[in-house]
Protein chains: 4
Amino acid sequence: MAAPITHIPAKDDLAYTFGGRLPVAHLQSGDVLTTYTEDCFGGAVSTVDDLPSRVCQMPYLNPVSGPFFIEDAEPGDTLAVHFVSIVPARPVGVSSTFPHFGALTSTSQTPTLQPPLEERVWLYDIDTCAGTVTYRARNADYRVVLPLDPMHGTVGVAPAGFEVRSTIVPDSHGGNLDTPELRAGATLYLGVNVHGAMLCLGDGHARQGQGEVSGVAVEVAMNTTIAVEVIKGVVTPWPRIESDDALMSVGCARPLEDAFRISQHDLVTWTASLTGLDMLDAYQLVAQAGTAPVGNVCDPNYTMLARLDKQYLGAAVAYTAVHERLRQIPPPPRAWNGRR
Amino acid sequence: MAAPITHIPAKDDLAYTFGGRLPVAHLQSGDVLTTYTEDCFGGAVSTVDDLPSRVCQMPYLNPVSGPFFIEDAEPGDTLAVHFVSIVPARPVGVSSTFPHFGALTSTSQTPTLQPPLEERVWLYDIDTCAGTVTYRARNADYRVVLPLDPMHGTVGVAPAGFEVRSTIVPDSHGGNLDTPELRAGATLYLGVNVHGAMLCLGDGHARQGQGEVSGVAVEVAMNTTIAVEVIKGVVTPWPRIESDDALMSVGCARPLEDAFRISQHDLVTWTASLTGLDMLDAYQLVAQAGTAPVGNVCDPNYTMLARLDKQYLGAAVAYTAVHERLRQIPPPPRAWNGRR
Amino acid sequence: MAAPITHIPAKDDLAYTFGGRLPVAHLQSGDVLTTYTEDCFGGAVSTVDDLPSRVCQMPYLNPVSGPFFIEDAEPGDTLAVHFVSIVPARPVGVSSTFPHFGALTSTSQTPTLQPPLEERVWLYDIDTCAGTVTYRARNADYRVVLPLDPMHGTVGVAPAGFEVRSTIVPDSHGGNLDTPELRAGATLYLGVNVHGAMLCLGDGHARQGQGEVSGVAVEVAMNTTIAVEVIKGVVTPWPRIESDDALMSVGCARPLEDAFRISQHDLVTWTASLTGLDMLDAYQLVAQAGTAPVGNVCDPNYTMLARLDKQYLGAAVAYTAVHERLRQIPPPPRAWNGRR
Amino acid sequence: MAAPITHIPAKDDLAYTFGGRLPVAHLQSGDVLTTYTEDCFGGAVSTVDDLPSRVCQMPYLNPVSGPFFIEDAEPGDTLAVHFVSIVPARPVGVSSTFPHFGALTSTSQTPTLQPPLEERVWLYDIDTCAGTVTYRARNADYRVVLPLDPMHGTVGVAPAGFEVRSTIVPDSHGGNLDTPELRAGATLYLGVNVHGAMLCLGDGHARQGQGEVSGVAVEVAMNTTIAVEVIKGVVTPWPRIESDDALMSVGCARPLEDAFRISQHDLVTWTASLTGLDMLDAYQLVAQAGTAPVGNVCDPNYTMLARLDKQYLGAAVAYTAVHERLRQIPPPPRAWNGRR
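Conventions adopted
Here the residue numbers are simple positions, counted from 1 along each chain's written sequence. Going through the entries in the order they are written, you letter the chains from A and number the ligands from 1. The model is predicted, so local features are restricted to residues of pLDDT at least 70 and side-chain atom pairs to those at 80 or more, both for listing and for counting; the totals for chains, interfaces and linings are taken over all residues. By convention in this description, side-chain values take in all heavy atoms of the structure and omit both hydrogens and water. Least-squares superposition of the copies uses the C-alpha atoms of those residues scoring a pLDDT of at least 70 in each of them. In what follows, residue pairs with any heavy atoms lying within 4.5 Å of each other are defined as contacts. As used here, buried area is the combined drop in accessible area, with a 1.4 Å probe, of two parts when they are placed together. What makes a salt bridge here is a side-chain nitrogen of Lys or Arg within 4 Å of a carboxyl oxygen of Asp or Glu, nothing more. Within 3.5 Å is the distance limit for a polar contact, defined as a pair of N or O atoms, with the added protein rule that one can donate a hydrogen and the other accept it, and that residues adjacent in sequence qualify only through two side-chain atoms. Helix and strand assignments follow DSSP, with helices taken as H or I runs no shorter than four residues and strands as E runs no shorter than two, numbered in order from the N terminus. Residue polarity follows a fixed list, in which Ala, Val, Leu, Ile, Met, Phe, Trp, Tyr, Cys and Pro are nonpolar, Asp, Glu, Lys and Arg are charged, and the others, Gly among them, are polar. When accessible area is computed with a 1.4 Å probe and restricted to protein chains, residues below 20% of their type maximum are described as buried, those above 50% as exposed, and intermediate ones as partly exposed. To define axes, lines are fitted to C-alpha atoms, for helices over the stretch in contact only, and angles between the resulting N-to-C directions are given on a 0 to 180 degree scale. These descriptions rest on fixed angle ranges, namely under 35 degrees for roughly parallel, over 145 for roughly antiparallel, 65 to 115 for roughly perpendicular, and the rest for oblique. Whether a crossing is left-handed or right-handed is set by the direction in which the near helix is turned from the far one by less than a right angle, anticlockwise for left-handed and clockwise for right-handed. In short, DSSP must find at least two bridges between two strands for them to pair.

Going by what an unreviewed UniProt entry lists, chain A is known as Amidase and is assigned to Phytohabitans aurantiacus.

Student: Just checking my understanding: could you explain the relation of the copies chain A and chain B for this structure?
Tutor: The relation between the two chain copies is a rotation about an axis coupled with a shift along that axis. In the superposition of chain A on chain B (RMSD 0.0 Å, axial shift 0.0 Å), the rotation amounts to 180°. Classification of the inter-copy transformation places it as that of a two-fold axis. In terms of C-alpha distance to the rotation axis, chain A has A:Leu256 as its closest residue, with the C-alpha 2.7 Å off the axis. When the interface residues of chain A are mapped onto chain B, 100% of them are again interface residues, pointing to one common binding face.

Student: What is the right way to read the interface of chain A and chain B from this model?
Tutor: Interface extent is often summarised as the accessible area lost during association of the parts. Contacts between the two partners involve 64 residues from chain A, matched on the other side by 64 residues from chain B. Together, the buried faces of chain A and chain B total about 5,100 Å²; carbon and sulfur atoms form 61% of this surface. Counting every contact that joins chain A to chain B gives 4 salt bridges. On inspection of chain A and its partner chain B, the count reaches 42 residue pairs in polar contact (both at pLDDT 80 or more).

Student: Teacher, can you tell me more about the interface of chain A and chain D here?
Tutor: Counting residues at the interface gives 25 residues for chain A, matched by 25 residues for chain D. Contact between chain A and chain D buries roughly 2,300 Å² in total, counting both sides, with carbon and sulfur atoms accounting for 66%. In terms of surface lost to chain D, no three residues of chain A exceed A:Pro111, A:Leu113 and A:Phe162, which account for 25% of the buried area on that side. Put simply, chain A and chain D have 2 salt bridges between them. Its salt-bridge partner being A:Glu163, residue D:Arg165 comes within 3.3 Å of it at the nearest N-O pair. No other element matches the 5 residues that helix H2 (residues 256-275) of chain A contributes to the side of chain A that touches chain D. When the residues that make up the side of chain A that touches chain D are grouped by side-chain class, the tally is 12 nonpolar, 8 polar and 5 charged.

Student: Please clarify how the pattern of salt bridges should be interpreted in this entry.
Tutor: Between side chains of opposite charge, pairing is possible as soon as their charged atoms come close. Per the stated rule, a full pass over the model turns up 76 salt bridges over all chains. Where C:Arg307 meets C:Asp309, a salt bridge forms, and the shortest distance between an N and an O atom there is 2.6 Å. Look at C:Asp309 and you get buried, because its relative accessible area is 18%. One salt bridge in this structure joins D:Arg90 and D:Glu38, with 2.6 Å as the shortest N-O distance. Of the two residues, D:Arg90 is situated in the loop between strand E6 (78-88) and strand E7 (92-96) and D:Glu38 in the loop between strand E4 (32-37) and helix H1 (52-55); the sequence distance between them amounts to 52 residues. On the accessibility criterion, D:Glu38 (11% relative accessible area) is buried.

Student: What exactly am I supposed to notice about the environment of A:Thr269 here?
Tutor: Residue and element names in this part refer to chain A. Structurally, Thr269 is set in helix H2. Look at Thr269 and you get partly exposed, because its relative accessible area is 29%. Within the local environment of Thr269, its side chain forms a polar contact with the backbone oxygen of His265, the two atoms lying 2.7 Å apart.

Student: Would you explain the environment of B:Glu229 in this entry?
Tutor: Residue and element names in this part refer to chain B. Position of Glu229 among the secondary structure elements: in strand E18 (residues 222-231). Between the C-alpha atoms of Glu229 and Leu123, which are 106 residues apart in sequence, the distance is 37 Å. In this structure Glu229 touches Ser29, Gly30, Thr78, Leu79, Ala80, Val322, Arg325 and Leu326, once residues within four positions along its chain are discounted. Of the polar contacts made by the side chain of Glu229, one reaches the side chain of Arg325; its length is 2.6 Å.

Student: Can you help me understand the packing of helix H2 (residues 256-275) of chain D against helix H3 (residues 279-289) of chain D in this one?
Tutor: For any two helices packed against each other, the geometry comes down to the angle between their axes and how far apart the axes lie. All names here are of chain D. Two elements in contact, H2 and H3, have axes separated by 8 Å at closest approach and are oriented at 120°. One finds that H2 runs oblique with respect to H3. In this structure, the crossing between H2 and H3 has a hand that is right-handed. Where H2 abuts H3, its residues Gln264, Leu267, Val268, Thr269, Thr271 and Ala272 lie against Met279, Ala282, Tyr283, Leu285 and Val286.

Student: Hey, could you run me through the pairing of strand E7 (residues 92-96) of chain A in this one?
Tutor: For a regular strand, side chains alternate in direction, first toward one face of the sheet and then toward the other. Residues and elements named next belong to chain A. Summarising burial for E7: 4 of the 5 residues are buried, a large majority. Judged from the 5 bridges that link them, E7 and strand E8 (residues 121-127) form a sheet pairing that is antiparallel. Counterpart to Ser95 in the pairing with E8 is Trp122.

Student: What's the story with the sheet that holds strand E19 (residues 240-242) of chain D in this structure? I'm lost.
Tutor: The strands that make up a sheet are held in pairs by hydrogen bonds between backbone atoms, and each pair lies either parallel or antiparallel. Residue and element names in this part refer to chain D. Reading across from one edge, E1-E4-E18-E6-E15-E19-E20-E21 is the order of the 8 strands in this open sheet, with mixed pairing throughout. Where the open sheet ends on each side, the last strands, each with one partner, are strand E1 (5-7) and strand E21 (302-309). Ignoring strand direction, the axes of neighbouring strands in this sheet form an average angle of 25°. The pairing of E1 with E4 spans 3 bridges and is parallel. Across the sheet, Ile5 pairs through a bridge with Leu33, a residue of E4. H2 rests against E19, strand E20 (246-253) and E21 of the sheet, and its axis sits at about 145° to E20.

Student: Quick question: what am I supposed to make of the environment of D:Pro99 here?
Tutor: All names here are of chain D. Locating Pro99 in the fold gives a position in the loop between E7 and strand E8 (121-127). Judged by relative accessible area, which is 27%, Pro99 ranks as partly exposed. On a C-alpha basis, the gap between Pro99 and Pro52 in space is 9.2 Å, while along the polypeptide they are 47 residues apart. Setting aside its immediate chain neighbours within four residues, Pro99 contacts Ser53, Pro116 and Glu119.

Student: Is there a simple way to think about helix H3 (residues 279-289) of chain C in this case?
Tutor: An α-helical turn contains 3.6 residues, so a residue and the one three or four places further along point in the same direction. Across the 11 residues that make up H3(C), a large majority, 10, are buried. Listed in full, the buried residues belonging to H3(C) are C:Leu280, C:Asp281, C:Ala282, C:Tyr283, C:Gln284, C:Leu285, C:Val286, C:Ala287, C:Gln288 and C:Ala289.

Student: Please clarify how the packing of H2(A) against helix H2 (residues 256-275) of chain B should be interpreted in this entry.
Tutor: Contact geometry for H2(A) and H2(B): axes closest at 6 Å, N-to-C directions at 115°. Taken together, the axes of H2(A) and H2(B) lie roughly perpendicular to each other. Of the residues in H2(B), those in contact with A:Leu256, A:Glu257 and A:Phe260 of H2(A) are B:Leu256, B:Glu257 and B:Phe260. Its residues assigned to classes, the contact of H2(A) with H2(B) comprises 4 nonpolar, no polar and 2 charged.

Here is the structure:
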């Protein structure tokens, strides 16, 4: 393992797109990187009076750190990104409603003639020692202690076809997937579309519910350590996630059933190739043994995961066991690696 | 508690609709009922050569037992249906593909010019002692032992507005919800639309994956014990489920995001009424603490659940603690009640 | 041609479902029927102060006249319903917004946490001599004279599979199609699902825009003359419409692309069978020559039409030229038959 | 009026994205430009044996001419693009099926486990004197003469938010709208997102059906003359089209009802601002008087138009009558301007 690399972006280094940017650093396959990511509001919301639509300005939302140029990553390869540690960098997380954004309001893509919901900010106390995030109601004396479950909402590479996409968008290049499965201990597989892959990450969440129904999670800056590895000559059509227990395929689309179809189709195909089952036998196995964790139902594309426990795959090993290898990397001191 | 009532339907007693039928038996609020339900193929598929499209005939699919007339249930009330025990009545469960049905094929509602997938049947060994269901591939020597998790795919009451709906359809009256959450130990709440409620149930699954992606679960006849209770004067707009740990709201619609919206909207509303939080504070809590278990993505309406752990609801108690009361009912001998 | 039959329903004769009702009259294939249909509000809205949500009560909305039992109509046959004349029965049509109904508001199927739009009623002067319908703004001195184009929003038969459906719903049995193509001079083809077909019609519109975006057209009671004919042994899977110039297939579903797919799939299949083209050649012809008139985007299912000019079909004749035969029926005196 | 400018792109000048490219020429507001556009296959399909998936290579599909830098166009302005003339540059148009593309097949966004439809090419004779396009079946002796109706499927400007989008994609920047309304005589209004607007156009169709159901129109290179004008300080949120008779708003989204909602919402808003009606009065007028021409139901976003006849808008004039001014520009000799 190479010596750890640290990249702390200056404010002007932050990116708002996947693709279309010069790299901020170069990594080798096998490198371990520690970086800092700003929250989705660029740190501009710190009190309940900082209404996001006033203190933020489009398109300067959802900044990501990167792009990181991965040496030797070429179109047709797969980039494995293993999350060694994700630690909130502030003791307070923020959430909010945002005008015409979220699943229980009309939006710019599902417009109605109704006025927007009230814009309101919530602050959450984050206790990394206790492993908790505390919700406090704004209009009542009501507290709920929730488990801390740090994750990155936005991780991706440059898109194919010369495209450049806003960091708000999830698609086959990754991006704003907004799934709680991208926590420490997980490995994300992304198909490489351009020389160097151009990896970016950001949008840390202290936790989020499945679906991110209000459009905003418990947003917080993060100190994050990842390890990257290039898997040569292996195509990955949609993002995939491996945890210690399960394989997951990610689909991003609208309507939501198409995100479901994409994720399930990829998991069936992947299962067939890992087990040697024919397509219908793999379809049947996934149908009875699979789960379907919801990512987001609020972003420009929705995200669904199709998940299968590894125990149902016999001796099959994905991507030449890169997850198991990268899982051995010791977390940095004071890290949160999902194993406490 | 009243003495248990047993109703074993004759083949001609089976129903294929919710609504439009005379009751097969009358129950009082508080009664415990043991009944038998046929599988979705009416028991006609017992070998891999029994292709469902040949041995079954539309509309004689997905039979249900009932309707049971619940004394004192009136429009505007809620019917609580607690599953005391659900036990597979046969040692073999069946599954299949079905022409132009399922999420990874074109269908009658999403038609294309492509021919259907191959129709293929799978048999599963069910071991109620070991608590397992065993998948065997058809075109490979491949076995996977899965946990037995018996549930009912189809439970509902007569619809509102004088409608009669096929048992294939899930909607606000319940019906073909196809969610694994309807297992023993759970309580289903259904709004009553007609005098007597007219409860029916069927479509037992030894288990199913989230989404029921191939369109067919591990189908099996069931011996099932339920307890019913009428909650007077309480309106329930969409089906709700309570387990020992969580409250769940069910949404049925297409596209899938509308099923998501319905379920989340109901859970937010329900949370607000249980806690006294205002709507936006409840929205925020559900957004960060909720999960979204997928039911089916193959039936005429799709089903999504919105789920919140009870521990995040403080001292709030749903429906005057009817779940806690009914949970005390002892299961019959040799029952499967989800507590083994 | 048989002597014309007249059926004027009493208020208590009106139906609110397709299926589930005894017939109000019996017709022979070839009969001509004149009937009266109430407007979708049951005539309860006659001033701008009659807010529909107050003066109407669910489920007593969208009444239809019928069912008419058509002798000799059996499952597997097709019922041709030709509209000889549709004449507004009142000089004023009404429209409105309705809480949480319409395409530019959240609804019960697409719920949000936003309050409903204002409920407002508009009255339209209908001049059957001039052939006009006059819009008047409520909050401005603004009038627009629009063409009178009378049509029926709701026409259908009893559904298959023992179902009974609300008259609000469009589906394969017809129902609340809400397409302006159902005007005088058109022939509607419906697959027969039950003995006698059980035809109902209602929901007259003095005119409507494509999509019925606000959820309510210019609603008015109608005096309508139809002719019916049974086409034995011909299956019609989805409603079809024939005008003097074109053939049209109707699809009803959500999401809207599925309504589009159903309609286009049926038109491609129909074109292939009429011309002898193979499926791909028919697909190609429809792709370049077809149009896609929108019906409704507000009802429980949306409606799309796929339309092909007859001139592109060579000598092909649909349904043994029943449209041409029925088109010869002279309209009654003072009728509106689309030929003025 | 300035002297006409001619720009004939070399093969290497063709663009495959909106945004991300340097301009090929500079235009002033008021300029008239004549350019050449290649067909969507880059001219590679000229016989029925040239299967597109073999002779074309992703992402080199759907080339556009441009970008043209429009002097003085700034974010917050509107660019008016008037089509003076669109003339097929070849006597033969081509169409095809394409594997897993189109509305009546599973696709990469709506995947299934079914194999793709047969890939087949059709050639169409284009007669610009007679104004006809002739369909010939591949597997039958069947010809249909259709009206020539030349249009551009793809016209747009650089997107907002630093994005670069494939020319296959329609969205708020325009792009692959694929609506037959973009014919000679029409004016397209596009919101300007970047300095210079960066206009591109291509994807000529000799004609297409509404919905472009097979995914491919009658594709042909075009000789096209446009006039451009910058309307300072006027924001246009979604593409709009003005013809001599009507105003149209364009929505691009999935599912199709969201494209419908966007287009109707924009037309209602636009109508209110043109007439002074309040939002609900405008909603009501559009609901009864509007039509909804379908664009495409096959591209990454679907396209719907909301259309209102100008005669229903009284004396209202859109965009300071730029359409009426540009409509006076005489077409070049031998042009096709929709007025023959």
